[in-house]
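Results of the structural survey
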Amino acid sequence: MTGNPPPATDDPAPEPPVGDSTDPAPAARGRRRGRPPRTESAGTRDRILAAAREEFSARGYEKTSVRGIAKAAGVDSALVHHYFGTKEQVFEAAVEVAFAPALNAPHAVADGPLEGVGERLTRFVLGVWDNPTTRAPLLAILRSAVNNETAAAVFRRLVAAQLLRRVAAQLDLPDAELRAELAAAQIVGTAMMRYVIRLEPLASADLEQIIARVAPVVQGHLTAP
């Protein structure tokens, strides 16, 4: 003898509790794929740039990959390509952001008489290098540029277009671009020896003493007949 069948019901199957293994949310968590909503675009772009600076700083240009940048930023690599394009373009964008404090150097040139331009420019640029917050990304940029020609080309393009030509424009003197490049070579060379190679006693010398020694040479490059 068989029992009576269970009564029919229209009630839907019960939903799984939060955290149940059938919940698809955990599998969906992790890196964001595809384009983010418009309201998140700026934050996503900034996060990718911050991750790129960290990756280039830690690994250098050659060992850094778009996939590694995407992983560090918590996004899909397609988003990195969407915002910036190639690895070279990501590097250029990261360099431009990191180099931004130094781009105020032309204002230091213009802010005062020509007779003191060497001291003003030297003080400004070495001041950027002496600040640990602005020094770290500059070190990463220089290390990549020294070790890789693609990175060096990006660095040259940025420095020439956004810094040296702007400094030269403030001088209004013959051979202004060459003068600006020689002045920059003097200051950057000093910074490299002090902060990268850390050659003593230069590395431990008082900043004011260094400025007093370097500034007259920079002044000569910029304004000497």
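Before reading further, recall that the structure is shown in the block above.
Heads up: these notes are all about the structure in this document. It should be emphasised that the depicted structure is a prediction, and the values quoted were computed from it without experimental measurement.

So, on to the nonpolar core. Grouped together as the largest cluster of nonpolar side chains are 61 residues, with contacts concentrated most on Ile48, Leu121 and Trp129. Residue contributions to this core peak at eleven residues, all from helix α9 (residues 149–171). Apart from the residues lying within four places of it in its own chain, the contact partners of Ile48 are Ile69, Ala73, Val75, Leu79, Val80, Tyr83 and Phe84.

Moving on to helix α8 (residues 132–147). Along its 16 residues, α8 runs 23 Å from first to last C-alpha, staying within 8% of the 22 Å computed at 1.5 Å per residue. Along α8, the positions that sit buried rather than exposed are Thr134, Arg135, Leu138, Leu139, Ala140, Ile141, Leu142, Ser144 and Ala145.

With that settled, the discussion passes to the packing of helix α5 (residues 87–99) against α8. Closest axis-to-axis distance for the α5/α8 pair is 9 Å, and the angle between their directions is 140°. With respect to each other, α5 and α8 are oriented oblique. Along this stretch, α5 crosses α8, giving a crossing that reads as left-handed. For the pair α5 and α8, the contacting residues are Phe91, Val95, Ala98 and Phe99 in the first and Pro137, Leu138, Ile141 and Ser144 in the second. The residue inventory of the contact of α5 with α8, partitioned by class, reads seven nonpolar, one polar and no charged.

By the definition in use, this model includes five salt bridges. In this structure, the salt-bridge partner of Glu55 is Arg59, at a minimum N-O distance of 2.8 Å. Of the two residues, Glu55 and Arg59 are both situated in helix α2 (residues 41–63); the distance of four residues between them amounts to about one turn of the helix. Residue class for Glu55 comes out buried when judged on its relative accessible area of 13%. A salt bridge links Arg194 to Asp130; the nearest nitrogen and oxygen atoms lie 3.6 Å apart.

A few words now on the layout of surface pockets. Empty space within the largest pocket amounts to approximately 390 Å³. Lining the largest pocket are 21 residues, and of these Phe99, Val159, Leu163, Ala184 and Val188 sit closest to its centre. Every element with two or more residues in the lining of the largest pocket is listed here: α7 (117–130), α8, α9 and α10 (176–196). Within the lining of the largest pocket, the residues separate by chemical class into 20 nonpolar, no polar and one charged.

Thresholds applied
Residues numbered from 1 in each chain as written. Predicted model: local features only at pLDDT ≥ 70, side-chain atom pairs only at ≥ 80, totals over all residues. Heavy atoms only, no water. Core = buried A, V, L, I, M, F, W, Y, C linked by side-chain atoms within 4.5 Å. Buried < 20%, exposed > 50% of the residue type's maximum accessible area, 1.4 Å probe, protein only. Helix = DSSP H or I, 4+ residues; strand = E, 2+ residues; numbered from the N terminus. Contact = heavy atoms within 4.5 Å. Expected span 1.5 Å × (residues − 1). Axes fitted to C-alpha atoms, helices over the stretch in contact; angles between N-to-C directions. Parallel < 35°, antiparallel > 145°, perpendicular 65-115°, else oblique. Left-handed = near helix turned anticlockwise from the far one by under 90°. Nonpolar A, V, L, I, M, F, W, Y, C, P; charged D, E, K, R; others polar. Salt bridge = Lys/Arg side-chain N within 4 Å of Asp/Glu carboxyl O. 1 Å grid on protein atoms, 1.4 Å probe; cavity = no way out; pocket = protein on both sides within 12 Å on 5 of 7 lines; lining within 4 Å. Points joined across faces, edges and corners; volume = space filled by probe spheres on them.

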